[in-house]
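Residue-level structural notes
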Amino acid sequence: MSAPLSPIALHKQLSRIWGTPPGWGRLSSVNHTILGKRFMLVALLFFAIGGLLAMLIRAQLATPHSAFIGPDIYNQLFTMHGTVMMFLFAIPMFEGLAIYLLPKILGARDMAFPRLTAYGFWCYVMGGSILIVAMLAGVAPNGGWFMYTPLSSRPYTPGINADVWLLGITFVEISAVTAAIEIVVSILKMRAPGMALARMPLFGWYMLITAGMMVVGFPPLILGSILLELERAFGLPFFDPERGGDPLLWQHLFWLFGHPEVYIIFLPAAGVLSTIIPVFAQRAILGYRALIAAIVAMGFLSFGLWVHHMFTVGIPHLALAFFSAASALVAVPTAIQIFAWIGTLASGRPRWDVPMLYVAGFFAVFVMGGLTGVMLAMVPFNTQAHDSYFVVAHLHYVLVGGFVFPMLAALYYWLPHITGRQSLYRLSVPAFWLILIGFNATFFFMHVTGLMGMPRRISTYPSNWGWDWLNLLSSVGSFILTMGFALVLADLVLQLRFGKPFRRDPWRAATLEWAMPTPPPHYAFAALPRIERRADQLRPAEIGPVLARGDGYLGFARDGQMETLGVDMVSGEVEHVIVLPHPTFLPLWTALATAAFFLALLFGQYWLAPLAAVVVVALFLCWPSRLGRTDDLGPVDIGRGETAPYDGEASGNICVLANRTALVTNGTLFASLLFGGLFLAVVAPN
């Protein structure tokens, strides 16, 4: 190995190897920092669209007998609001955060499969665009974000509205499944040397369990969408009771995905809280191992609760008792996390800054949503409140409290890392109060309207049932809420334009992402660290300069290759050197061919779909054409006097783990198909 380079020379060499071409070449980027930011930016755009739809809904419901929009448009608006917020904002937002943050917090240079990251991003953008364009054309989905059958079957929804949802969402879910597999592999195989699982930051644990839930949770929805599209396109009766199907099969398949999805959304946000709270409490988090046990328990329990969305469909009493108990039981791991966070704050020396405002908002809002969740877990209460505005209020308290507030805390905590600037203005403080007050004014009164009998999804209501003033207050609250988010946007723009530059670690944090320059370089770390203690108790300000001068693993540039390290899944000891691919347009072309496949199905051009599928397969086969080696080199230098072989010469490399994870996804899909077949054979044998 040649003589060590100066930190600046090393930075220039690594930047040249890991950089993204300018101009149109930016579309070929496979770098996790760029793609993570793109995921989050597009998710914020969809969030704005979903918020605008919510404003239109509240304008319609502000007064009785409103003629602001008709029922047909209203049906499309509330369906698209739910669809956009659940599928195009919440999941992609935490995927983007994970893609941006995981390599940095775990001490790697990128995700395991950068091209797969890029392909997932383009699938997300194109699938979401199909839904938005359909809405602008007046043919948006209109059967609710859960598309219950038989309402969404062809006889009752004859246009392409339901097809847009089924095919658009399936297209978007390709992004979710690929991201899940990549997150699992990256966390298990690409941590910094020495970072055993028992030393991994809690954010890594949260994302590992979340990604595992996505691997198992999404196939039932994908299967249900395929079956319903087959029913609509070719008349195969899976869900239509008049032709021998059963609509409850759709509900089972949907909620097998839908209820774990609530926790899939909550757990990354909880990972954010478990990262931020110790920093501002100025002490290590309490109950590290208990929290890991709670995360795992929540992951398992979430798959046993789906029937509590179906308490009123005629489930046998014994099953009702089981699912009611399971629904209440999930409060235990949730409470463990809440008490650990409160205990950390109570036993530390809390300092208050903007991220902590949103953490406090989370406690106030999410705990209330959790309490109404326990109420809805009880069968008698659920039967009374089912399909009422009480459920709408509970849903928003859980999802906004459990996801949006923590994500706003994350935004203010990590935005300096993304931009390299700190906020000079205090717009964030009035913005927080507007959001907190506006949110509670909007949704708290919905508990009351729900208990007074107002059903959800109605476009108007009579004026003599006592709902008038409650709905008006909710609508006024929604406009206050929107003003709060507008202030947040203004604050972000001002920070990007006029924010104050800073050196490393402005929060005095204890995780690795703050041990790098900000904004982060494309290669993340000039050298990879060795971790000798729990990785949420580090000193980034001391580690950063050491890594920047190349003291550590792979602190050099070799043969123009993008190198990082693969480790043992449990111990974190080095196993091999991973060579990652350079920027390429192949993910974009493959996503465009995939879009052609879905559009052919949407417009009924079935002859074109197989051709598009062949092109997709052919493009995928082109991906590995310039990767790997044809000869074995044996162990090579990795720095610190150690050697390791390249990944192609290692038996347990990331490709092996990725294939095994993908097999789990396929197995779940076929198990769901078997469940569906048995369900129809038993419940609807004709």
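Residues numbered from 1 in each chain as written. Predicted model: local features only at pLDDT ≥ 70, side-chain atom pairs only at ≥ 80, totals over all residues. Heavy atoms only, no water.

Focus on the packing of helix H5 (residues 161-189) against helix H17 (residues 586-602)
Close contact between H5 and H17 brings their axes to 10 Å; oriented N to C, the two are set at 160°. Between H5 and H17, the interaxial angle falls into the category roughly antiparallel. As for the relative orientation of H5 and H17, their crossing is right-handed in sense. Every residue of H17 that contacts H5 at Asp163, Val164, Leu167, Thr170, Phe171 and Ile174 is listed here: Ala591, Thr594, Ala595, Phe598, Leu601 and Leu602. Partitioning the contact of H5 with H17 into residue classes produces nine nonpolar, two polar and one charged. (Axes fitted to C-alpha atoms, helices over the stretch in contact; angles between N-to-C directions. Helix = DSSP H or I, 4+ residues; strand = E, 2+ residues; numbered from the N terminus. Parallel < 35°, antiparallel > 145°, perpendicular 65-115°, else oblique. Left-handed = near helix turned anticlockwise from the far one by under 90°. Contact = heavy atoms within 4.5 Å. Nonpolar A, V, L, I, M, F, W, Y, C, P; charged D, E, K, R; others polar.)

Some remarks on the packing of aromatic side chains
With the rule as written, the count across this model stands at 55 aromatic pairs. An angle of 65° between the planes, with centres 5.4 Å apart, marks the rings of Trp145 and Phe254 as edge-to-face. Of the two residues, Trp145 sits in the loop between helix H4 (114-136) and H5 while Phe254 sits in helix H7 (residues 247-281), which places them 109 residues apart along the sequence. Here Trp145 and Phe254 have matching classes, each one buried. Summarising the aromatic geometry, the rings of Phe146 and Trp255 are spaced 6.3 Å apart at their centres and angled 45° between planes, so their arrangement reads as tilted. With Phe146 in the loop between H4 and H5 and Trp255 in helix H7, this pair connects stretches of sequence that are 109 residues apart. For Phe146, a relative accessible area of 5% puts it in the buried group. Assessed through its relative accessible area of 6%, Trp255 is described here as buried. Through successive ring pairs, a cluster of aromatic residues spans Phe87, Trp145, Phe146, Tyr148, Trp165, Phe218, Phe238, Phe239, Trp250, Phe254, Trp255 and Phe257. (Phe/Tyr/Trp six-rings, centres within 6.5 Å; stacked < 30°, edge-to-face > 60°. Buried < 20%, exposed > 50% of the residue type's maximum accessible area, 1.4 Å probe, protein only.)

Observations regarding the environment of Ser66
With respect to the helices and strands, the residue Ser66 is situated in the loop between helix H2 (32-61) and helix H3 (71-106). Relative accessible area serves as the criterion here: at 17%, Ser66 is assigned to the buried category. Spatially, the C-alpha atom of Ser66 lies 6.3 Å from that of Thr460, the residues being 394 residues apart in sequence.

Topic: the packing of helix H11 (residues 354-377) against helix H13 (residues 389-419)
H13 packs onto H11 with a crossing angle of 160° between their chain directions and a minimal axis gap of 8 Å. For the element pair H11 / H13, the angle class is roughly antiparallel. Regarding H11 and H13, the two cross each other, and that crossing is left-handed. Tallied by class, residues from the contact of H11 with H13 come to 20 nonpolar, eight polar and no charged.

Let's talk about the pattern of salt bridges
According to the stated counting rule, one finds 11 salt bridges in the structure shown. Taking the shortest distance from any N to any O, the salt bridge between Asp551 and Arg549 comes out at 2.8 Å. Judged by relative accessible area, which is 40%, Asp551 ranks as partly exposed. Connected through shared salt-bridge partners, Arg154, Asp163 and Arg232 make up one network. (Salt bridge = Lys/Arg side-chain N within 4 Å of Asp/Glu carboxyl O.)

A word on helix H18 (residues 608-622)
Along its 15 residues, H18 runs 22 Å from first to last C-alpha, staying within 8% of the 21 Å computed at 1.5 Å per residue. Burial in H18 covers these residues: Ala609, Ala612, Val616 and Leu619. Along the long axis of H18, the arc covered by the buried residues comes to 85°, so they all point the same way. In this structure, H18 carries Val614 and Leu621 as exposed residues pointing more than 90 degrees from its buried face. Close packing links the buried residues of H18 with H17. (Expected span 1.5 Å × (residues − 1). Arc of directions from axis to C-beta.)

Considerations on the pairing of strand S3 (residues 562-567)
Among the six residues of S3, six are classified as buried, and the element is accordingly described as predominantly covered. Taking the residues that link successive antiparallel strands as the turn, the S3-strand S4 (residues 574-580) hairpin has six residues, and the phi of Gly572 there is positive, at about 80°. (Pairing = 2+ DSSP bridges.)

Quick look at the nonpolar core
Most often, soluble globular proteins keep nonpolar side chains buried together rather than apart. Ranked by internal contacts, the top residues of the largest apolar core, which has 230 residues, are Leu102, Trp341, Tyr358 and Phe403. Once residues within four sequence positions are removed from consideration, Trp341 is found in contact with Tyr206, Phe266, Ala270, Leu273, Ser274, Ile277, Ile285, Phe362 and Phe363. (Core = buried A, V, L, I, M, F, W, Y, C linked by side-chain atoms within 4.5 Å.)

Observations regarding the side chain of His417
Following the sequence through the fold, His417 ends up in helix H13. A distance of 2.8 Å separates a polar atom in the side chain of His417 from a polar atom in the side chain of Tyr100. Polar contacts involving the side chain of His417 include one to the main-chain carbonyl oxygen of Glu513, which spans 2.6 Å. Excluding anything up to four places from it in sequence, His417 contacts Tyr100, Lys104, Phe502, Glu513, Trp514, Met516, Thr518, Pro519 and Pro520. (Polar contact = N/O pair within 3.5 Å; in protein donor to acceptor, adjacent residues only side chain to side chain.)

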